[in-house]
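# Survey of secondary and tertiary structure
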Amino acid sequence: ASRIRGNEAPGGKRKAPGGAGRYRTKVGGREAAVHPASALFGRNPPPKCVVYTEILETKRTYMRGVTQVREEWLAEVAPRFFK
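Residues numbered from 1 in each chain as written. Predicted model: local features only at pLDDT ≥ 70, side-chain atom pairs only at ≥ 80, totals over all residues. Heavy atoms only, no water.

The helix and strand inventory of the chain stands at one helix and seven strands. Moving toward the C terminus, one meets the helices and strands of the chain in the order β-β-β-β-β-β-β-α. Across the 83 residues in the chain, those meeting the buried criterion constitute 33%. Approximately 5900 Å² of the chain is accessible, and the part contributed by carbon and sulfur atoms is 52%. (Helix = DSSP H or I, 4+ residues; strand = E, 2+ residues; numbered from the N terminus. Buried < 20%, exposed > 50% of the residue type's maximum accessible area, 1.4 Å probe, protein only. Areas by Shrake-Rupley, 256 points an atom, 1.4 Å probe, with all protein chains shown as cover.)

Its location among the elements puts Val34 in strand 3 (residues 31–34). Overall, Val34 belongs to the buried group, its relative accessible area being 7%. If near-sequence neighbours (up to four positions away) are discounted, Val34 is found in contact with Gly21, Tyr23, Leu40, Phe41, Tyr62, Met63 and Val66. (Contact = heavy atoms within 4.5 Å.)

Once that is clear, we can look at the side chain of Thr61. Among the secondary structure elements, Thr61 is positioned in strand 6 (residues 61–64). With near-sequence residues (within four places) excluded, Thr61 lies in contact with Arg30, Glu31, Ala32, Ala33, Ile55 and Leu56.

What follows concerns the pattern of salt bridges. A complete count under the given rule lists four salt bridges for this structure. A salt bridge links Arg22 to Glu31, with the shortest nitrogen-to-oxygen separation between them at 3.5 Å. Judged by relative accessible area, Arg22 falls into the buried class, the value being 12%. Here Glu71 ties to Lys26 by a salt bridge, and the two come within 2.3 Å at their closest N and O atoms. Here Glu71, found in helix 1 (residues 71–77), pairs with Lys26, found in the loop between strand 2 (22–24) and strand 3; they are 45 residues apart in sequence, far enough to count as distant. Take Lys26: its relative accessible area is 38%, and that puts it in the partly exposed class. Ionic contacts of the salt-bridge type, sharing partners, join the residues Arg22, Arg24 and Glu31 into one network. (Salt bridge = Lys/Arg side-chain N within 4 Å of Asp/Glu carboxyl O.)

Below, the structure written as structure tokens:
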């Protein structure tokens, strides 16, 4: 998942600042946040790109099992999904 900038919203619309912990999944384009139990939660600055093992849906959508990665690694290990 790639970090969403503070004023980015679906469809290119502008949104109020404050989206430091939000991400958009590469597959499916879903918006999700790092789960509060994660060691990466609240990290400043937040990682630009993460991989996760699980999506948890409550009032918000959270990623669990989160690890920081470099975005270019995704194309190397799974070129079919990440070009």
